[in-house]
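As a plain string of letters, each chain reads:
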Amino acid sequence: MKKVILALMIVAIAMPAFASETRIRTLGHMIAPYIEDDANVWTWYATLPSYANLVTITAGYEDVYIYGDDTGWYNDYIYAKFGLTYGLGEENKYGVLGLWWEETTLGPLFGHETWGPYDYNTVQFDEWVYNKWNVMWGYQMDGIAFGLYFNRADNGEYVEGTWGDEDIEGEMHEAYTTLGLGVRFDIGEAMYADVAFDYTMVNWTYLEPEDVDAENEITEDANSMMGFRGRLFYEWTDMITWVPYVNYRMGDFSVKSSNDEYYGDFDCWGFKGFHFDLGLGANIQVNDETMLILAVEPYGMAKAEPSECGAEAGESSLKATLFPGMAFGFESDVRDWLTFRAGCDKVFVKWTEEYEGDIEGEDGSIEYKSTSAPFNWFLGVGLHVGDFDIDAMVNKEVPFSMGYWLTGFQPYNGYDSGAPIGMISATYHF
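Model, not experiment: these values are computed from the prediction. (Residues numbered from 1 in each chain as written. Predicted model: local features only at pLDDT ≥ 70, side-chain atom pairs only at ≥ 80, totals over all residues. Heavy atoms only, no water.)

(A) Layout of the side chain of threonine 321. Secondary-structure assignment places threonine 321 in strand β13 (residues 315-335). Residue contacts for threonine 321: discarding those within four places in its chain leaves Tyr299, Gly300, Met301, Phe348, Val349 and Lys350. (Helix = DSSP H or I, 4+ residues; strand = E, 2+ residues; numbered from the N terminus. Contact = heavy atoms within 4.5 Å.)

(B) A negative patch on the surface, seen in detail. Together, Asp288, Glu289, Asp333 and Asp336 make up a negatively charged patch on the protein surface. Take aspartate 336: it is sitting in the loop between β13 and β14 (338-359). (Patch = residues over 30% accessible without salt bridge, like charges linked within 9 Å, V, L, I, M, F, W, Y side chains within 5 Å. Areas by Shrake-Rupley, 256 points an atom, 1.4 Å probe, with all protein chains shown as cover. Salt bridge = Lys/Arg side-chain N within 4 Å of Asp/Glu carboxyl O. Lys, Arg positive; Asp, Glu negative; His and termini not counted. Charge placed at Lys NZ, Arg CZ, Asp CG, Glu CD.)

(C) Representation of the environment of tyrosine 45 in the model. Structurally, tyrosine 45 can be placed in the loop between α1 (21-27) and β1 (54-67). Taking the C-alpha atoms as reference points, tyrosine 45 and valine 183, separated by 138 residues in sequence, lie 7.4 Å from one another. Side-chain polar atoms of tyrosine 45 contact the side chain of arginine 229, separated by 3.1 Å. (Polar contact = N/O pair within 3.5 Å; in protein donor to acceptor, adjacent residues only side chain to side chain.)

(D) Region of interest: unusual backbone geometry. Here the residue pair phenylalanine 323 and proline 324 is connected by a cis peptide bond, since its omega of -10° sits within 30 degrees of zero. Despite not being glycine, glutamate 91 shows a phi value in the positive range, around 55°. Within the element layout of this structure, glutamate 91 appears in the loop between β2 (72-87) and β3 (96-102). You can call glutamate 91 exposed: its relative accessible area is 75%. (Buried < 20%, exposed > 50% of the residue type's maximum accessible area, 1.4 Å probe, protein only.)

(E) The nonpolar core, seen in detail. If you look at the biggest cluster of nonpolar residues, it comprises 30 residues, and the most contacted ones within it are Ile31, Ile35, Val41, Leu48, Met136 and Ile293. Among the secondary structure elements, those contributing two or more residues to this core are α1, β3, β10 (240-257), β12 (290-306), β13 and β14. By residue number, the principal contributor to this core is β12, which donates three residues. Ranked by size, the runner-up nonpolar core spans 13 residues in total, among them Ala153, Ile218, Val255 and Ala304. (Core = buried A, V, L, I, M, F, W, Y, C linked by side-chain atoms within 4.5 Å.)

(F) Highlighting the packing of aromatic side chains. Under the definition given, this model contains 14 aromatic pairs. Ring plane angle 40° and centroid distance 5.0 Å describe the contact between phenylalanine 197 and phenylalanine 228, whose orientation is recorded as tilted. Here phenylalanine 197 is found in strand β8 (residues 191-211), whereas its partner phenylalanine 228 is found in strand β9 (residues 217-235), with 31 residues between them in sequence. Seen from the ring of tryptophan 42, lysine 81 lies directly overhead, with NZ or CZ sitting 4.1 Å from the centre. Taking the ring centre of tryptophan 44 as reference, the NZ or CZ of arginine 229 above it sits at 6.0 Å. (Phe/Tyr/Trp six-rings, centres within 6.5 Å; stacked < 30°, edge-to-face > 60°. Lys NZ or Arg CZ within 6 Å of the ring centre and 35° of its normal.)

(G) Expanded view of the confidence of the model for the protein chain. Predicted confidence across the protein chain gives a mean pLDDT of 81, with 78% of residues reaching 70 or more. Within the protein chain, β3 carries the highest mean pLDDT (96), whereas helix α3 (residues 404-407) carries the lowest (52). Contacts for the low-pLDDT stretch residues 118-122, under 50 throughout, to residues beyond four places or in other chains number 15 contacts. A low-confidence stretch, residues 411-417 stays under pLDDT 50, and its non-local contacts, those more than four residues away or across chains, total twelve contacts. (pLDDT = per-residue confidence, 0-100.)

(H) Broad picture of the environment of isoleucine 293. Note that isoleucine 293 resides in strand β12. Residues isoleucine 293 and glycine 28 lie 265 residues apart in sequence; the distance between their C-alpha atoms is 9.9 Å.

(I) Just the pairing of β10, in detail. Strand direction decides the pairing type here: β9 and β10, joined by 14 bridges, are antiparallel. Its bridge partner being in β10, arginine 229 is matched across the sheet by asparagine 247. The hairpin formed by β9 and β10 contains four residues between the paired strands. Of the strand pairs in this sheet, β10 and strand β11 (residues 268-285) are connected by 17 bridges, and their pairing is antiparallel. Bridged to tyrosine 245 within β11 is glycine 279. (Pairing = 2+ DSSP bridges.)

(J) How the structure looks around the side chain of threonine 177. Tracing the backbone shows threonine 177 in strand β7 (residues 166-186). Since its relative accessible area comes to 10%, threonine 177 is described here as buried. Within the structure, threonine 177 has its side chain in polar contact with the side chain of arginine 152 (distance 2.6 Å). Leaving out residues up to four positions away in the same chain, threonine 177 has contacts with Phe150, Asn151, Arg152, Tyr199, Thr200 and Met201.

Laid out in structure tokens, this is it:
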């Protein structure tokens, strides 16, 4: 029985300002939908006209699991993204163009493994693939703005030749294509809304290099995911802005084999599912220097099951329910040139997995349930020098490990690299 590990992707973000992806991460994973920030353009495409004429650079590290033949290991993956937004024409008469450059794109984060043959390394629809294009265009009119988004990533390998008396042919190709549309519009003097839609397609082909007469070509069958989301900013008072939010995403990913006998009964396998969540946030402007962000997501659910073509894998399902999730972010200007940030989130999650079918040659059924309540917290700083804003997410161990000569305390690092800065962004305004 294969598991599908779902990412709830319940994210949330904070306050009207030119800042960065690092700022959002520091204020907490769940804060993202509930604040204004230039990094929001990758989710809310119609916000791009508000962030014209910027150069953005983001870099960081994270521990990524590397798969091996029998075992795996963790390795520090250092990533970077460079971006440019530019107003076209006088006063952005022809809109705003956004370009971003990065090495790879992560596939649709809908699941981790697909259901399929137990002896086969099943297709990963969330692999890192070389990014080719990351482009956005936005246009602002009176009371309404539009945004268009295009992202393309692909890898490819092909080989052909002869081996003795046999003709050899092999191919490996994987690609992600995402199209997005966003709209921002006013609703009265104290309210405005964002809505966005995206559609992602996955292309995957694997032809093992071998005798052409015995070849088995694996290609995508169902291969798409789409998402809808919306939020509203309501300035209730000079101090408090309410932000309700809703998100729905669904997808179906599977692959098929050209040789019906290659994997026995498994000539097609994969998974389908959906994700839904909603929440309410509040941006609380305590004073000119300090802002608090509170968010509650009373309900969220993600569910996956085998694709129709993969019914031979057994009657399986996996469901994750969030009930509820909470987030808190804090941001304060200590000096004109220095900002302190901290954030945390807490979620209550219930996992339910069901399976009915073949278990080691015998018919059987299994139901597995678990509950958890993970808690995440973050620290960060922002530096403001001239036209530059520099934001850093600080390793949580820094206040203890770097002050060892004062505190006499050294935390346990595990496999963490212990770098003092986990993520950093620089924004230049021109």
